[in-house]
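# Results of the structural survey
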Amino acid sequence: GALVLSLTAFSGLSAHAAVLLHAYDFSVDASDSVGGLNGTLVGGATVVGGELVLPSNPSVVQLAGYAIPATDFSISLWVKGPAQSGYSEFISQNYSTNGFYIGTSPSNGIRLSDRYLTTGLTFPADNIYHHYALTTDGSGTNFYVDGVNVFSDPGTINFANSGTFTQFGQQF
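What counts and how
- Along each chain, residues carry numbers from 1 onward, in the same order as the chain's sequence is written.
- The model is predicted, so local features are restricted to residues of pLDDT at least 70 and side-chain atom pairs to those at 80 or more, both for listing and for counting; the totals for chains, interfaces and linings are taken over all residues.
- To get the side-chain values, all heavy atoms of the structure are used, and hydrogens and water are removed first.
- Take the buried Ala, Val, Leu, Ile, Met, Phe, Trp, Tyr and Cys residues and link them wherever side-chain atoms come within 4.5 Å; each set so joined is a nonpolar core.
- Using a 1.4 Å probe on the protein chains alone, a residue whose accessible area is under 20% of its type maximum counts as buried, one over 50% counts as exposed, and one in between counts as partly exposed.
- The numbering of helices and of strands both runs from the N terminus, where a helix is a DSSP run of H or I of at least 4 residues and a strand a run of E of at least 2.
- Residues count as neighbours in contact if any of their non-hydrogen atoms are within 4.5 Å of one another.
- The pairing criterion for strands is at least two bridges between them, as found by DSSP.
- Think of a polar contact as two N or O atoms within 3.5 Å of one another; within protein, one of them needs to be a possible hydrogen donor and the other a possible acceptor, and neighboring residues in sequence only count if both atoms come from side chains.
- What counts as an axis is a line fitted to C-alpha atoms, over the stretch in contact for a helix, and the angles between N-to-C directions run from 0 to 180 degrees.
- pLDDT: the predictor's confidence for each residue, scored from 0 to 100.
- For this analysis, a salt bridge means a side-chain nitrogen from Lys or Arg found within 4 Å of a carboxyl oxygen belonging to Asp or Glu.

On to the nonpolar core. Judged by nonpolar contacts, the single largest core of 33 residues is most densely connected at Ile75, Phe100, Ile102, Tyr132, Leu134 and Phe143. Among the elements of the structure, strand 6 (60–63), strand 7 (73–80), strand 8 (88–94), strand 9 (100–104), strand 10 (110–112), strand 11 (130–137) and strand 12 (140–145) are those that each provide at least two residues to this core. When residues of this core are assigned to their parent elements, the largest contribution, four residues, is made by strand 7. If near-sequence neighbours (up to four positions away) are discounted, phenylalanine 143 is found in contact with Ile102, Ile110, Leu112, Leu121, Tyr132, Ala133, Leu134, Val148, Asn149, Val150 and Phe151.

So this is what it looks like as structure tokens:
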């Protein structure tokens, strides 16, 4: 599958105060054009024509730090791909029972961190780009697919940044 990622973090609870922390456009490699937290392509991961291509598990981009703040953040990804087999993560960090990730289950259900293991949403396995956006702050958690809010919960995603640094394409 292919992955394009940009990331913002809230300063306080106002979306108007959002600050862009990291942006990965995969124009040449896994460089962060905003925050300098560059990634390393591992296990066959390549960048071709502005796309991150992850041909098999464990193809991954490994960062040398935590790209996602522990609270109050938004993340935006463009993803395309076929149906996934087993558990598959587009982005992840930390460790089991306290982990953050956006990915799929073996039944192609979309998972949003250890807090939302089941969302009732299905990964669109049509090999067409889809835009995903996740927001979480004091007012709750929302997940959008192609601009439509498809999941909303009054709870928030919070975690301590410890364990595995941020990865694209594999769970911690």
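Further notes follow.
Counting buried residues along strand 11, seven of its eight residues qualify, which places the element largely inside the surrounding structure. Summarising the sheet, strand 7 and strand 11 pair through seven bridges and their orientation is antiparallel. Within strand 11, the position partnered with valine 79 by the bridge is histidine 130.

What follows concerns the side chain of asparagine 94. Structurally, the position occupied by asparagine 94 is in strand 8. On the accessibility criterion, asparagine 94 (0% relative accessible area) is buried. A distance of 3.2 Å separates the side chain of asparagine 94 from the backbone nitrogen of serine 162, its partner in a polar contact.

An order of 3-6-14-8-9-10 is seen for the six strands of this open sheet, with the pairing classed as antiparallel. For this open sheet the edge positions go to strand 3 (39–42) and strand 10, each flanked by a neighbour on one side alone. Averaged over all pairs of adjacent strands, the angle between strand axes in this sheet comes to 20 degrees, irrespective of strand direction. Here strand 6 runs beside strand 14 (residues 164–168); their pairing, made up of two bridges, is antiparallel. Across the sheet, the residue bridging to glutamine 62 is glutamine 167, located in strand 14.

Moving on, we come to unusual backbone geometry. The residue asparagine 108 is not glycine, and still its phi comes out positive at about 65 degrees. Among the structural elements, asparagine 108 can be located in the loop between strand 9 and strand 10. The phi dihedral of asparagine 127 is positive, around 60 degrees, even though this residue is not glycine. Looking at where asparagine 127 falls in the secondary structure, it is placed in the loop between strand 10 and strand 11. On the basis of relative accessibility, which here comes to 47%, the residue asparagine 127 falls in the partly exposed class.

Attention now moves to the confidence of the model for the chain. Within the chain, residue pLDDT values average 84, and 90% of them lie at 70 or more. Confidence, expressed as mean pLDDT per element, reaches its minimum in the chain at strand 1 (residues 2–9) with 46 and its maximum at strand 13 (residues 148–153) with 97. Below pLDDT 50 for its whole length, residues 1–13 participates in 68 contacts with residues either more than four positions away or in separate chains.

Quick look at the pattern of salt bridges now. A side chain of one charge can pair with a side chain of the opposite charge when the charged atoms of the two come close. Taken as a whole and judged by the stated rule, the model has three salt bridges. Note that lysine 80 and glutamate 51 form a salt bridge whose closest N and O atoms lie 3.3 Å from each other. Note that lysine 80 is positioned in strand 7 and glutamate 51 in strand 5 (residues 51–53), a separation of 29 residues in sequence. A salt bridge links glutamate 89 to arginine 111; the nearest nitrogen and oxygen atoms lie 2.2 Å apart. Here glutamate 89 is found in strand 8, whereas its partner arginine 111 is found in strand 10, with 22 residues between them in sequence. Each member of the pair, glutamate 89 together with arginine 111, is buried.

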